[in-house]
Amino acid sequence: MKMLWKVLAGIIAIVVVALIGVVIAVALIFEPNDYRPMLIEVVEENTGRNFELPGDLDLSWFPCCSVAVGPASLSNPAGFPDQSFAKIEGAALSLQLWPLITRREIEIGTVTLDGLDISLIQLADGRGNWEFETPQAEAPATDEPSDLGALNVAGIEIRNGQVRYQDQGTESAFTASNLHIDTGAVGENLPIPVNMSVDLTDESNGTSAQLKLATTVRLAGDLVTLAALNLELEVPG
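All values derive from a computational prediction rather than experimental measurement. (Residues numbered from 1 in each chain as written. Predicted model: local features only at pLDDT ≥ 70, side-chain atom pairs only at ≥ 80, totals over all residues. Heavy atoms only, no water.)

Participant: Sorry if this is basic, but what is going on with the overall build of the protein chain here?
Facilitator: A tally of regular secondary structure across the protein chain gives 3 helices and 13 strands. Per-residue burial for the protein chain yields a buried fraction of 39% across its 237 residues. Here the analysis covers contacts within the protein chain between residues at least 6 apart in sequence; of these, 54% occur between residues at least 24 apart. For the protein chain, the accessible surface area stands at approximately 13500 Å², while carbon and sulfur atoms represent 54% of it. (Helix = DSSP H or I, 4+ residues; strand = E, 2+ residues; numbered from the N terminus. Buried < 20%, exposed > 50% of the residue type's maximum accessible area, 1.4 Å probe, protein only. Contact = heavy atoms within 4.5 Å. Areas by Shrake-Rupley, 256 points an atom, 1.4 Å probe, with all protein chains shown as cover.)

Below is the structure:
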């Protein structure tokens, strides 16, 4: 469960950061698709993987301002099967310009991910495709404050998601399908209310279960803390 949260958080962070860049850019210039090559380059530089974004970027000013993307996919690293590590059917978010202009704070509406599909693979040597090794240049030391303040997201919604896990060393495989996640506000040091439902299947023996989870999540580095946990598990037969 901890690894699942970390991977989901990483994928959501990539999508959110990428879409934020598009929204900020098109707030001044109308044509969002002019920034698609830049968006692809930023994602590839920060992940070290191929990023495909074949569809158009759609901008809406009412309510101000929202951007949506169609299908997108992030590849596996070298040495893994030639398939997508993660892909989505579509994503959308909105950005409030007034807090950005007046307080240098980024306030985002609900981030929606449709058809999120993640394929986790662990090779026999122990390497996992969820491990990112991105070269980063050393940043010069500076005492200057950041230009932007806090980043706050009104909520995250994942619809019709799927996560598959395959261990090539033990030949075990698990699938989490029909994944639905809804969260409350996400921000620095905020308790995050989370509701999740998912169907779980052990591919090695066909065992399945339906899980529903309601909890409050706190993220601190690699530590994931769950509070007020309400868990329902139904196992057929």
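Participant: What is the right way to look at the pattern of salt bridges in this model?
Facilitator: Where side chains of opposite charge bring their charged atoms close, a pairing between them can arise. Across all of its chains, the model carries 4 salt bridges by this definition. Linking D125 and R127 is a salt bridge whose minimum nitrogen-to-oxygen distance equals 2.9 Å. Look at D125 and you get exposed, because its relative accessible area is 52%. The exposure class of R127 is partly exposed, given its relative accessible area of 37%. Residues joined by salt bridges that share partners form a network here, namely D114, E157 and R159. (Salt bridge = Lys/Arg side-chain N within 4 Å of Asp/Glu carboxyl O.)

Participant: Please clarify how helix α2 (residues 36-47) should be interpreted in this entry.
Facilitator: Because an α-helix completes one turn every 3.6 residues, residues spaced three or four positions apart along the sequence face the same direction. Helix length check: α2 (12 residues) gives 17 Å between terminal C-alpha atoms against 16 Å at 1.5 Å per residue, within 8%. Downstream of α2 by one or two residues, G48 has phi in the positive range, about 75 degrees. (Expected span 1.5 Å × (residues − 1).)

Participant: Please clarify how the packing of aromatic side chains should be interpreted in this entry.
Facilitator: Describing an aromatic ring pair means giving the distance of the ring centres and the angle of the ring planes. Summed over the entire model, instances satisfying the criterion amount to 3 aromatic pairs. Aromatic pair W130 and Y165: ring centres 6.3 Å apart, planes at 45 degrees, arrangement tilted. In this pair, W130 sits in the loop between β8 (117-122) and β9 (151-167) while Y165 sits in strand β9, placing the two residues 35 residues apart along the sequence. We note that W130, like Y165, is buried. Relative to F174, the ring of Y165 has its centre 6.5 Å away and its plane inclined at 25 degrees; by these criteria the two rings are stacked. An aromatic cluster is built from W130, Y165 and F174, whose rings are joined through pairwise contacts. (Phe/Tyr/Trp six-rings, centres within 6.5 Å; stacked < 30°, edge-to-face > 60°.)

Participant: Any chance you could explain a nonpolar patch on the surface here in plain terms?
Facilitator: Nonpolar side chains collect at one region of the surface, where L200, L233 and V235 lie side by side and expose about 260 Å² of accessible area between them. Here L233 lies in strand β13 (residues 223-234). (Patch = residues over 30% accessible without salt bridge, like charges linked within 9 Å, V, L, I, M, F, W, Y side chains within 5 Å.)

Participant: What should I look at first to understand unusual backbone geometry in this one?
Facilitator: Apart from glycine, the bulk of residues carry a negative phi angle, and the bulk of peptide bonds sit in the trans form. Even without a glycine there, the phi angle at N178 is positive, about 50 degrees. Tracing the sequence through the fold places N178 in strand β10 (residues 172-183). Since its relative accessible area comes to 44%, N178 is described here as partly exposed. In the Ramachandran plot, A228 falls in the positive-phi region, its phi being about 50 degrees despite a non-glycine side chain. Here A228 shows up in strand β13.

Participant: Would you explain the environment of S204 in this entry?
Facilitator: As for its placement among the helices and strands, S204 is situated in the loop between β11 (192-202) and β12 (207-220). By relative accessible area, S204 is classed as exposed at 53%. Along the backbone, S204 and E171 are 33 residues apart, and their C-alpha atoms lie at a distance of 8.1 Å. A distance of 2.5 Å separates a polar atom in the side chain of S204 from a polar atom in the side chain of D202. (Polar contact = N/O pair within 3.5 Å; in protein donor to acceptor, adjacent residues only side chain to side chain.)

Participant: Please explain the confidence of the model for the protein chain as it appears in this structure.
Facilitator: Of all residues in the protein chain, 72% have pLDDT values of 70 or greater, and the mean over the chain is 81. With pLDDT under 50 throughout, residues 138-148 is counted as low confidence; its partners more than four residues away or in other chains account for 4 contacts. (pLDDT = per-residue confidence, 0-100.)

Participant: Mind showing me how you'd approach the environment of L213 here?
Facilitator: Looking at the secondary structure, you find L213 in strand β12. Accessibility expressed as a relative area gives 6% for L213, which makes it buried. Along the backbone, L213 and L229 are 16 residues apart, and their C-alpha atoms lie at a distance of 7.4 Å.

Participant: For this particular structure, what's the right way to read the nonpolar core?
Facilitator: Nonpolar side chains in soluble globular proteins generally cluster together in the buried interior. Counting 39 residues, the largest nonpolar core has F51, L53, F85, I118, L120 and M196 as its most contacted members. When residues in this core are grouped by element, the largest group, 5 residues, is from β9. Discounting residues that sit within four places of it in the chain, L53 has contacts with R36, L39, I40, V69, P71 and A72. (Core = buried A, V, L, I, M, F, W, Y, C linked by side-chain atoms within 4.5 Å.)

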